[in-house]
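Chain by chain, the residues run as shown.
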Amino acid sequence: MNGADLDAPAPASRWTGYLELIRELVRGDAEAYRKRCAQLDETGWADLGLVVGAAFFLAVRLRPRAFPDRVEIIWYVADARAEMADTSFDVDPRTAERLIGAATISDADDLDDLDPDAVIEAEMLLLWKLLRPLSDDELSGFLAEVDVLATRWAAD
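Residues numbered from 1 in each chain as written. Predicted model: local features only at pLDDT ≥ 70, side-chain atom pairs only at ≥ 80, totals over all residues. Heavy atoms only, no water.

The next subject is the nonpolar core. Counting residues in hydrophobic clusters, the biggest one holds 49 residues, and the most contacted among them are Ile22, Phe56, Ile100, Leu131 and Phe142. Among the secondary structure elements, those contributing two or more residues to this core are helix 2 (16-27), helix 3 (30-43), helix 4 (48-61), helix 5 (70-83), helix 6 (93-104), helix 7 (116-131) and helix 8 (136-155). Element by element, the count of residues in this core is highest for helix 7, at 10 residues. Those residues within four positions of Leu131 in sequence are excluded, and the remaining contacts are Ile22, Val26, Arg27, Ala59, Leu62, Leu139 and Phe142. (Core = buried A, V, L, I, M, F, W, Y, C linked by side-chain atoms within 4.5 Å. Buried < 20%, exposed > 50% of the residue type's maximum accessible area, 1.4 Å probe, protein only. Helix = DSSP H or I, 4+ residues; strand = E, 2+ residues; numbered from the N terminus. Contact = heavy atoms within 4.5 Å.)

The next subject is helix 5. Over its 14 residues, helix 5 runs 20 Å from end to end, which matches the ideal 20 Å to within 8%, given 1.5 Å per residue. If you check which residues of helix 5 are buried, you get Ile73, Tyr76, Val77 and Ala80. Seen from one end, helix 5 has its buried residues packed into an arc of 95°, which puts them on one side. Away from the buried face of helix 5 by more than 90 degrees, exposed residues Trp75 and Ala82 are located. For helix 5, the N-terminal capping position is held by Asp69, with its side-chain oxygen 3.1 Å away from the main-chain nitrogen of Val71. (Expected span 1.5 Å × (residues − 1). Arc of directions from axis to C-beta. Polar contact = N/O pair within 3.5 Å; in protein donor to acceptor, adjacent residues only side chain to side chain.)

Our next topic: the pattern of salt bridges. Throughout the structure, instances matching the rule amount to nine salt bridges. Across the salt bridge formed by Glu20 and Arg23, the nearest N and O atoms sit 3.0 Å from each other. With Glu20 and Arg23 both in helix 2 and three residues apart, the pair spans about one turn of that helix. In this structure, Arg27 engages Asp136 in a salt bridge whose closest nitrogen and oxygen atoms are separated by 2.8 Å. (Salt bridge = Lys/Arg side-chain N within 4 Å of Asp/Glu carboxyl O.)

In a regular helix each residue adds 1.5 Å, so 14 residues correspond to 20 Å; helix 3 covers 20 Å between its end C-alpha atoms and thus fits that length. Arg36, Cys37 and Leu40 are the residues of helix 3 that are buried. Axial view of helix 3: buried residues confined to an arc of 105°, hence all on one face. Exposed side chains of helix 3 directed beyond 90 degrees from the buried face belong to Arg34, Lys35, Asp41 and Glu42. Next to the buried residues of helix 3 lie helix 2.

Another point: the side chain of Arg36. Secondary-structure assignment places Arg36 in helix 3. Excluding anything up to four places from it in sequence, Arg36 contacts Gly17, Glu20, Leu21 and Glu24.

Structural data, given as structure tokens:
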């Protein structure tokens, strides 16, 4: 291995488009988000649910003490909805509460009756709240972990 190999950029993940979409959402970069959506319209959205699901699972688990019971989950979702009040976004509270609950205090099988599109939408909106406090370096590290988990889930 020569020195030039060390300077080569890391290979792009198969999930790069989705990971960057999450970054752009969390950072509130509306222009980049719109461009990424147009790019994904061309390349496909087939694995969005897998990647967003992995990100959501990890993000909720970053805050283990924040969700000890249903009452705290309900308060968190209410707070998220209040922060979205002046935007064009909202999250269905029952869906959001069930998603957080499934990732922390109950069984993921409790979600079988939810519409997959509603799940992705709720997870994306909650990711916005869950990940905003992260620094850019922390967010990059988090997205690298999401990449690994999504790859593991895809292989299963």
